[in-house]
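What follows is the residue order along each chain.
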Amino acid sequence: ARLISETYKCVMVVFFEESGKCSADYQTNWRRLPNSVSRIFWRDFQSETVQNPIVIDGIFGVGINRPVEGVFLEGIRIINRMIGDKIAIDVPSGIPADDCLKGEAVKADY
């Protein structure tokens, strides 16, 4: 988001947990976000108000080893309902790297 904001005006980070509960790398990058990047808690995010979004999926990385549930499953469902390009950073969130999909995952275009 930080790097994308150098080129694009409207960049928004939708987050699922307070940064204090996340990894040290996450916290470092969270602090480095410029003020121009909007930050919104996922429950407050209204996906239908975003016009022509490009969604970059970075919810989970390759280490997931069980079906997604709870708030993360709700988030994946919101992403999948959105109209616009969806880009997964590594693999779409919800898809395990070493096993078959059991449950739901982000339906990434790229």
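Trainee: Just give me the short version of the overall build of the protein, but keep the residues and values in it.
Mentor: Looking only at helices and strands, the protein features two helices and four strands. Relative to a compact globule of 110 residues, whose C-alpha radius of gyration would be 13 Å, the protein shows 14 Å and is just as compact. Along the first, second and third principal axes, the C-alpha set of the protein runs to 40 × 35 × 25 Å. Within the protein, buried positions represent 28% of all 110 residues. Put simply, 71% of the contacts in the protein that link residues at least 6 apart link residues at least 24 apart. When the accessible surface of the protein is summed, it comes to about 7,700 Å², and 51% of that surface belongs to carbon and sulfur atoms.

Trainee: Lay out a nonpolar patch on the surface with the relevant residues and their values.
Mentor: On the surface, I4, Y8, I54, I56 and I89 cluster together to form a nonpolar patch covering roughly 520 Å² of accessible area. Structurally, I54 is set in strand β3 (residues 54-57). We classify I54 as exposed; its relative accessible area is 57%.

Trainee: Can you break down the packing of aromatic side chains residue by residue, with the values?
Mentor: Throughout the structure, instances matching the rule amount to seven aromatic pairs. Taken together, a centroid distance of 5.4 Å and an interplanar angle of 35 degrees make the contact between F16 and F72 tilted. Residue F16 is found in the loop between β1 (12-15) and α1 (24-32), and its partner F72 is found in helix α2 (residues 70-81); the two are separated by 56 residues along the sequence. In this structure F16 comes out as buried when scored by relative accessible area, which is 16%. An aromatic cluster is built from F15, F16, Y26, W30, F41, W42, F60 and F72, whose rings are joined through pairwise contacts. One Lys or Arg, R39, reaches over the ring of W30 and ends 4.8 Å from the middle of that ring.

Trainee: Tell me about the side chain of S5, and please be specific about residues and values.
Mentor: Inspection of the secondary structure puts S5 in the segment before β1. When neighbours within four sequence positions are excluded, S5 is seen to be in contact with V11, P34, S36 and V37.

Cut-offs and rules
- Residues numbered from 1 in each chain as written.
- Predicted model: local features only at pLDDT ≥ 70, side-chain atom pairs only at ≥ 80, totals over all residues.
- Heavy atoms only, no water.
- Helix = DSSP H or I, 4+ residues; strand = E, 2+ residues; numbered from the N terminus.
- Rg over C-alpha atoms; globule rule 2.2 N^0.38 Å.
- Buried < 20%, exposed > 50% of the residue type's maximum accessible area, 1.4 Å probe, protein only.
- Contact = heavy atoms within 4.5 Å.
- Areas by Shrake-Rupley, 256 points an atom, 1.4 Å probe, with all protein chains shown as cover.
- Patch = residues over 30% accessible without salt bridge, like charges linked within 9 Å, V, L, I, M, F, W, Y side chains within 5 Å.
- Salt bridge = Lys/Arg side-chain N within 4 Å of Asp/Glu carboxyl O.
- Phe/Tyr/Trp six-rings, centres within 6.5 Å; stacked < 30°, edge-to-face > 60°.
- Lys NZ or Arg CZ within 6 Å of the ring centre and 35° of its normal.

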